Amino acid sequence: MPIDVSDSVLVARELLSVEDAESVLDWLIQHPHGQIDLADCNHVHAANFQVLMAARPKIAAWPQRETLADWLRAALIQEDTIHVQDDSGS
Amino acid sequence: MKRILVIDDAATVRLYHRGILESAGFEVSEAVNGLEALERLAEGPFDLYLVDINMPKLDGYGFLRELRAKDIPQGPAIMVSTEAEDNDQRRAYASGANIYLIKPVKPARLLAHVLTLLGESHS
Amino acid sequence: MNPLLNQFLTEGRDFLEAIGAKLLELERAPEQGALIDDLFRLVHTLKGNSGLFDIPEMTRVLHAAEDLMDAVRDGRVAFSRELADQLLEAMDFVSLLIDEIAEASTDGQPPSTSHHAKDAVRLGAALRELMPEHPQTPAVSDAPDAASVSAGTESGSRPETDDLLDNLPESVRHDIQDRLAAGEPLCWLRYRPEEECFFKGEDPFFQIAQLPEPLWRRLGAREDWPPLPELDAYRCVLEFELILSVEAETLVEHFRYVPDQVEIRSLSAAMPDPAASASSSESQSESEPSSWAGLSPEARESICLTLEAQREILVLSDNPSWLGGRLRAVGATLAALLTSLGRDPAATGLETALEAALATDSGTYLLRWLDHQTWPASKPAAPEPIAETVREAIMAPTATDSSPATKTADEPVKFGRRADDQLATVRTLKVDQTKIDRLMNLIGEMVVAKNALPYLAARAEERYGVRELAREIKTQYSVINRIAEEMQDAIMQVRMLPVSFVFQRFPRLVRDVAHKLGKDVRLVMEGESTEADKNIIEALADPLIHLVRNSLDHGLESPEQRRAAGKPPEGRLTISARQESDRVLIEITDDGRGIDPDVIRRKAYEKKIIDETTLERLSDQEAINLIFAAGFSTAEQVTDLSGRGVGMDVVRNAIARVHGSIDLRSRVGEGTHLRLSLPLSMAVTNVMIIESAGQRFGVPMDAVAETVRVARRDIRVIKKRLTTVLRGRLVPLVALNDLLALDTPQIANDDDELAVLVVRIEKEYLGIIVDDCRETIDIILKPLAGFLGDLTGYSGSALLGDGSVLLILNPRELL
C-alpha cells in the first residue's frame, strides 16, 4: 500500500502509479487543506504530477530523492523556479 | 493545364487528393482501379499519376507496369501507400513509380512533390 | 459538413457493411483466399481513410485489424471464429465512432473521440493478441517523417532559438553561454505528451526523469488548471521544457516513439558564434546556387527524395519488359525536377544520358549524369547539424519566405468549391427524408384538391345548369387525375427501399444468436432487392427480427437433437422476399422441429385462451394459429433471446398495422413456414366512408367484407351479444357508437333496417352497426400526430376534397 492517509496528511511511498492519481485527486478534493508527504517516494507517474500541479497542496515533506524533488519543486512552486545545476558531473 | 490522374479505390482519398491538386490549379481525373486507369489513357497520356497500391481488379504495381510498357510519353508516377516497408518501396520503383510516399500525405508535402514532378517552380 | 469528412463517413459505413458481410462469408468458407484478400483490402483502405483525419482511436483499431488480416492473408494466423468475433467487435467500435462523428461534427472537423481511447487500446491489444508475434510497439504510422531526420533552413530556426534564450533568466543564460563557448553540446527540448498518452501506458515524467540533469527546466500545462473536482487526471496536458547538455541525436533517439510530441533544438548552432555561422553560410554557397536557398522545406524535401528515388530506380538490376518506359519516366522526372528548379534540362545533357541509357537498357548513364549535377543539399551544411524532425521542419515558418507556393501549402485546402464542381458527375442523389415526406404531403393535398373537381362539375350541371362547362371540367379532371396519379407513382418510387435494408442485419444476427444457443445454422437469403415503401420496410424490421429469433430459438434444434432425428446437424433458415402483383411476400422457413398442434391446444387450454369445446373442435391449423393469440407463448422458459415479453400477437399486430397479414404453416419434425404479405406501398388507401352519430369515418376497404342492411327484428341477443344470421352464418354484431363510447343509439332507416359493415379479422367475421354506409374514396393516410397518436382504434386521418378531415378507423384495434 503506497498511500497512507490520515485526516490531514497523505503519505506516499515508493511509487505513485497511474492508478493512484485518481485516489490522490479524490483525497485532495475532500481535504482541500491536506498536506502531502513524499519523503519516501521515488517516482510519481505524470498523472499524479498533473493532480499535484492543479491542486498545489502543501508539501509536508519533499522527496529524499533529489531528481524527483527538483522536478516537483519546479512544478509546484509558483514562481518560475530556476534550478541551476552548477556541476552535476553529467 | 497539366493533367493528373488520381487512381485510388477509396473515394475519400480521391476527394482528398483532388482538393489539394485542384486548389493548385491542376486538372484532375480519377480512376477507381488500375484497369479503369488504363482505360483513361485513351484520352491521352497524363502529366502525372498518383497511384494507390491496393486496389481491386488491377493494383497499382500492375497498372504501372502496363503503363511503362506503353509507347507513349511517360509521365512521372507517385505511388501512395500505407506501408512503410522497404520491400514495397523497391517493388514500386521496379514497377515504374518515381517516388514512393506514405499515406496520409500532408497537403503541403504532396503539393511540393507534385510541383517538382511537373516541373513547376516552387516559389 | 465538410464534404471530405462526409465522404469518409459514407464510404466508411459502406466499408463496414462489406467487412461484416465478408467476415460472415469467410466463416462459412474459411479457405477462400479471394475473400481474405478482399477483406484485407477493405480494412486497409478504411484505415488509410481514417488516417486523413485526426481520429487516432479509429486508426489504432483499424491498424491492428489490418495487421491481423495481413497475418491471415499470409497464412501466419488461421481464420477462426474467435478471430471473426474479435474483428466484428472492432468493426462495431469503428461503426460507433463513425456514428458519433457524424452526429457531433459541426464545423467540418471530426470531434475528439479521445474518450474512447481506453476501448481503442483494449480492442487493438485484443486483435494483436491473436497474432503469433505481437510487436512490442506498433509501428508509428508516419514513420518516415520521424525517421528521416533532416533540418529546416537556418533562417527558420535561428530567430526562434534566439527568442528562447532571451526568455531565460540571466544566470542561466550566462551559464549556457559559457558552456557553449567551451564547446559543450546543448539542446533545448520541449515535450508535449499527447492527451491520451496515459492510456497508452506512457509515463511522460518517467521519460523526462531518465534524462540527465537539465541546466534549466520548466514544467507547465497547456491550459489553465480547472477547479479540482473538474480535473481529468487522465487527460495529459503537461508540457515539459528543458535545456540539457546532450547531443540532439541522443534526444531524438530518446523520444523516438513520440517524435511528433517533442521539439528539439540544438543550441550550439543558434548561439552568436561568428566562426560557426560564417563557415555554415560559406559551405552552403559553395555547393548550392543562391536561388535554391529560398526553397521551402517541403520543396527541399521533395527534391531530395525525388533524386534519391531516381537513383534507387536506376540501380535496379532487373530487366523487365517495361524497362524502356521506366527509364523514360525517370528521364521525365529528372527533366521536371530541373525545370522546377529553374534550370533548362536541355542545357544539362540529360537527354543524351537518357538516350544512352535506353540504348544500353541500363540506368548507368543516367546515374553518371546524376552524379555530375549539383543539387540542393538535404541538410543545410552547418558544422553542427541541427537535429529536428522533418515534421518540425515543415511546421517552422520561414521568416523571409512568403512566396505563393508556400502560401498555398500553408493555407487549409478548400474542398467546398470543388465538391460543388463535382456535382455534374453525380448520378445518385442523397435526399433528406423530410424533403420526400413533404413531396408526399403535397401530392396528398393535390389528390384531395383534384377530388373536388367532380363535385364542381356536378354543381355546375345541377345547380347552374351549364352542362357544357360540367363536361369541360370533367375532361380537365381526367387530365389532372392522370398527372396526379403519375406523380404519386413517381414519388412512391422514390420512397421504395429494398428489403435488404432489413435483411442485411440477419447474417450477423443469425450468427450471434446461433452461437449463443450452440446451434449450427445456415442462413439463406433470397430476393433482397425486392422493394417496398419505406414505411413498410421500416415497420417490417422489428417483427422480422422477432420471427427470425423465434425460429432460431424455438424452431431449430441443437446439432445433437437434429442428428438424433436423422437430420443434417446444420439447420437451415431461409428468408426470402418477392413481389406478387401489388404485394410483397416475405417468407421465413426453417427445417426445425415444427410446431406441435397438440402442445398448442393444451397450452391454450391451460392459459384459458380456449374452452373445452373449442379444444376438441379445433383443426390442427387452427390450433397452430392460436400462437398468435394474445398472451400466448410456447416457450417452456423465457430465454434472453426471444422471450422479451413480445409475443407473436404483437408481431401480427405490427404487420397488420401496415395492412399486412401473416400466415403460418408447420409440420411436426419438418419445420415451420411463415409468410408475410404486405402492400407495396401504404400511401394510397381505399376507404369506405360511413356515418355514425352524425360524424363521418373511413374504414379501409381491405378490411371490409360487405355491407348489408339488417332488419332490427333479425338481430338477436345470444349470450349477451348481438348476433344475426347472414347467408346461413352466425355473425356477431357491435354498434360503432358503443365501440367509440358515444352515448347515442344507432339510427335505422325508414324500414327499420340498420346498416351493417361486415369486416373480416383473421378469418372471423364481425358486423359493425353504423348509421349509414357511403361511397368509397382514395385517400392519403396520414398517421395521427401528437396526443392523437396515442389513440387506439384509428389508423390515421385524411383530408377530403371539401377540406374536412376524415378519421380512419382501424377495426382490428377497435375490438
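The rules behind the values
- Residues numbered from 1 in each chain as written.
- Chains lettered and ligands numbered in written order.
- Predicted model: local features only at pLDDT ≥ 70, side-chain atom pairs only at ≥ 80, totals over all residues.
- Heavy atoms only, no water.
- Helix = DSSP H or I, 4+ residues; strand = E, 2+ residues; numbered from the N terminus.
- Buried < 20%, exposed > 50% of the residue type's maximum accessible area, 1.4 Å probe, protein only.
- Contact = heavy atoms within 4.5 Å.
- Areas by Shrake-Rupley, 256 points an atom, 1.4 Å probe, with all protein chains shown as cover.
- Pairing = 2+ DSSP bridges.
- Axes fitted to C-alpha atoms, helices over the stretch in contact; angles between N-to-C directions.
- Buried area = accessible area lost by both parts, 1.4 Å probe.
- Salt bridge = Lys/Arg side-chain N within 4 Å of Asp/Glu carboxyl O.
- Polar contact = N/O pair within 3.5 Å; in protein donor to acceptor, adjacent residues only side chain to side chain.
- Patch = residues over 30% accessible without salt bridge, like charges linked within 9 Å, V, L, I, M, F, W, Y side chains within 5 Å.
- Phe/Tyr/Trp six-rings, centres within 6.5 Å; stacked < 30°, edge-to-face > 60°.
- Parallel < 35°, antiparallel > 145°, perpendicular 65-115°, else oblique.
- Nonpolar A, V, L, I, M, F, W, Y, C, P; charged D, E, K, R; others polar.
- UniProt positions renumbered as here; feature names shortened; annotations may be inferred.
- Core = buried A, V, L, I, M, F, W, Y, C linked by side-chain atoms within 4.5 Å.

On to the overall build of chain C, then. Check the secondary structure of chain C and you find 30 helices and 22 strands. Residues counted as buried form 48% of the 815 residues belonging to chain C. For chain C, the share of sequence-separated contacts (at least 6 apart) that also reach a separation of at least 24 residues comes to 70%. With an accessible surface of roughly 40,400 Å², chain C has 51% of that area assigned to carbon and sulfur atoms.

Below, the discussion takes up the sheet that holds strand 2 (residues 27-31) of chain B. Residues and elements named next belong to chain B. An order of 2-1-3-4-5 is seen for the five strands of this open sheet, with the pairing classed as parallel. Unpaired on one side and paired on the other, strand 2 and strand 5 (99-102) mark the two borders of the sheet. In this sheet, neighbouring strand axes are inclined to one another by 20 degrees on average, regardless of whether the strands run parallel or antiparallel. Of the pairings in the sheet, the one linking strand 1 (residues 3-7) to strand 2 comprises five bridges and is parallel in character. In the sheet register, leucine 5 faces strand 2, and the bridge partner there is serine 29. Its contacts with the sheet put helix 5 (residues 107-118) on strand 1, strand 3 (48-52), strand 4 (77-81) and strand 5, and the angle it makes with strand 5 is roughly 170 degrees.

Our next topic: the interface of chain B and chain C. Each partner contributes residues to the interface: chain B has 56 residues there, and chain C has 56 residues. Note on chain B versus chain C: buried area summed over both sides is about 4,600 Å², and carbon and sulfur give 64% of it. Connecting chain B to chain C are three salt bridges. For the pair chain B and chain C, the interface holds 17 residue pairs in polar contact (both at pLDDT 80 or more). Mapped by element, the contributors of at least two residues to the side of chain B that touches chain C are helix 1 (11-23), helix 3 (60-68), helix 4 (86-95), strand 5 and helix 5 of chain B.

Residue and element names in this part refer to chain C. A contiguous nonpolar surface patch, about 350 Å² in accessible area, is contributed by Met446, Val479, Ile480, Ile483 and Met487. Among the elements that take part in the nonpolar patch, helix 20 (residues 467-495) stands out by supplying four residues, more than any other. Tracing the chain through its elements places isoleucine 483 in helix 20. For isoleucine 483, a relative accessible area of 38% corresponds to the partly exposed category.

Tallied over the full model, the rule gives eight aromatic pairs over all chains. Relative to C:Phe205, the ring of A:Phe49 has its centre 4.3 Å away and its plane inclined at 55 degrees; by these criteria the two rings are tilted. Taken together, the residues A:Phe49 in helix 2 (residues 46-55) and C:Phe205 in helix 9 (residues 204-209) connect one chain to another. Since its relative accessible area comes to 0%, A:Phe49 is described here as buried. Assessed through its relative accessible area of 1%, C:Phe205 is described here as buried. Residues A:Trp71 and C:Phe205 carry aromatic rings whose centres are separated by 6.3 Å and whose planes lie at 80 degrees to one another, so their mutual orientation is edge-to-face. One end of the pair, A:Trp71, is in helix 3 (residues 66-76); the other, C:Phe205, is in helix 9, on a second chain. Each residue in the set A:Phe49, A:Trp71, C:Tyr191, C:Phe205, C:Phe240 and C:Phe255 is aromatic and connected to the rest through ring pairs, giving one cluster.

Moving on to the packing of helix 13 (residues 323-340) of chain C against helix 14 (residues 350-360) of chain C. Residues and elements named next belong to chain C. Look at helix 13 against helix 14: their axes get within 10 Å of each other, and the N-to-C directions meet at 170 degrees. When the axes of helix 13 and helix 14 are compared, the pair comes out roughly antiparallel. Residues Gly324, Leu327, Arg328, Gly331, Leu334, Ala335 and Leu338 of helix 13 touch helix 14, and the partners they reach there are Leu350, Leu354, Ala357 and Leu358. Partitioned by chemical class, the residues of the contact of helix 13 with helix 14 number eight nonpolar, two polar and one charged.

What follows concerns the interface of chain C and chain A. Of the residues lining the interface, 34 residues belong to chain C; the matching set on chain A comes to 33 residues. Taken over both partners, the interface formed by chain C and chain A buries close to 2,800 Å², and the fraction arising from carbon and sulfur atoms is 67%. Of all residues in chain C, C:Phe205, C:Arg217 and C:Leu228 bury the most surface against chain A, accounting for 26% of the area lost on that side. Inspection of the chain C/chain A interface yields one salt bridge. Among the ionic pairs, C:Arg217 bridges to A:Asp70, the shortest N-O distance being 3.7 Å. Our count for the contact surface shared by chain C and chain A stands at nine residue pairs in polar contact (both at pLDDT 80 or more). Sorting the residues of the side of chain C that touches chain A by element identifies helix 8 (170-181), helix 9, strand 2 (216-221) and strand 3 (238-244) of chain C as the ones contributing at least two each. The greatest single-element share of the side of chain C that touches chain A, amounting to five residues, is contributed by strand 2 of chain C. The class makeup of the residues in the side of chain C that touches chain A is 23 nonpolar, two polar and nine charged.

Feature annotation in UniProt assigns "modified residue: Phosphohistidine" (unreviewed entry) to the following positions: C:His44. Structurally, C:His44 can be placed in helix 2 (residues 33-50).

Right, let's get into the UniProt feature "modified residue: 4-aspartylphosphate" (unreviewed entry) in chain B. Residue and element names in this part refer to chain B. According to UniProt, the "modified residue: 4-aspartylphosphate" (unreviewed entry) feature falls on Asp52. Relative to the helices and strands, aspartate 52 is located in strand 3. We classify aspartate 52 as buried; its relative accessible area is 3%.

It is worth spelling out the pairing of strand 3 of chain C at this point. Residue and element names in this part refer to chain C. Among the seven residues of strand 3, seven are classified as buried, and the element is accordingly described as predominantly covered. Here strand 3 shows a buried face lined by Leu238, Phe240, Leu242 and Leu244 and a second buried face lined by Glu239, Glu241 and Ile243. Taken together, the five bridges between strand 1 (residues 187-191) and strand 3 define a ladder with antiparallel strand orientation. Bridging across to strand 3, cysteine 187 finds its partner in leucine 244. Relative to strand 3, strand 2 runs antiparallel, the two sharing six bridges. Residue glycine 220 lies in a different strand from strand 3, and its bridge partner there is glutamate 239.

Right, let's talk about the sheet that holds strand 19 (residues 764-770) of chain C for a bit. Residues and elements named next belong to chain C. Reading across from one edge, 14-18-19-17-16-15 is the order of the six strands in this open sheet, with mixed pairing throughout. Looking at which strands have only one partner, the edges of the open sheet turn out to be strand 14 (704-711) and strand 15 (716-718). Taking the axes of each pair of neighbouring strands and ignoring which way they run, one obtains an average angle of 40 degrees across the sheet. The pairing of strand 16 (residues 721-726) with strand 17 (residues 729-735) spans five bridges and is antiparallel.

Once that is clear, we can look at helix 28 (residues 648-657) of chain C. Side chains of residues three or four places apart in an α-helix project in the same direction, reflecting 3.6 residues per turn. Residues and elements named next belong to chain C. Counting buried positions along helix 28 gives seven out of ten residues, so the element sits mostly inside the fold. Summarising the contacts, the buried residues of helix 28 are in contact with helix 23 (534-555), strand 10 (661-667), strand 11 (671-679) and helix 30 (811-814). Phi turns positive, to about 60 degrees, at histidine 659, one or two residues after helix 28.

Residues B:Ile78, B:Val114 and C:Met58 are the most contacted members of the largest nonpolar core, which totals 70 residues. In this structure B:Ile78 touches B:Leu48, B:Tyr49, B:Leu50, B:Val51, B:Ile99, B:Leu101, B:His113, B:Val114 and B:Leu117, once residues within four positions along its chain are discounted. Counting 51 residues, the second largest nonpolar core, distinct from the first, contains A:Leu10, A:Ile36, C:Leu228 and C:Leu242.

Another point: the environment of B:Thr82. Counting through the fold element by element, B:Thr82 comes out in the loop between strand 4 and helix 4. Residues B:Thr82 and B:Val105, spaced 23 residues apart in sequence, show a C-alpha to C-alpha distance of 9.9 Å.

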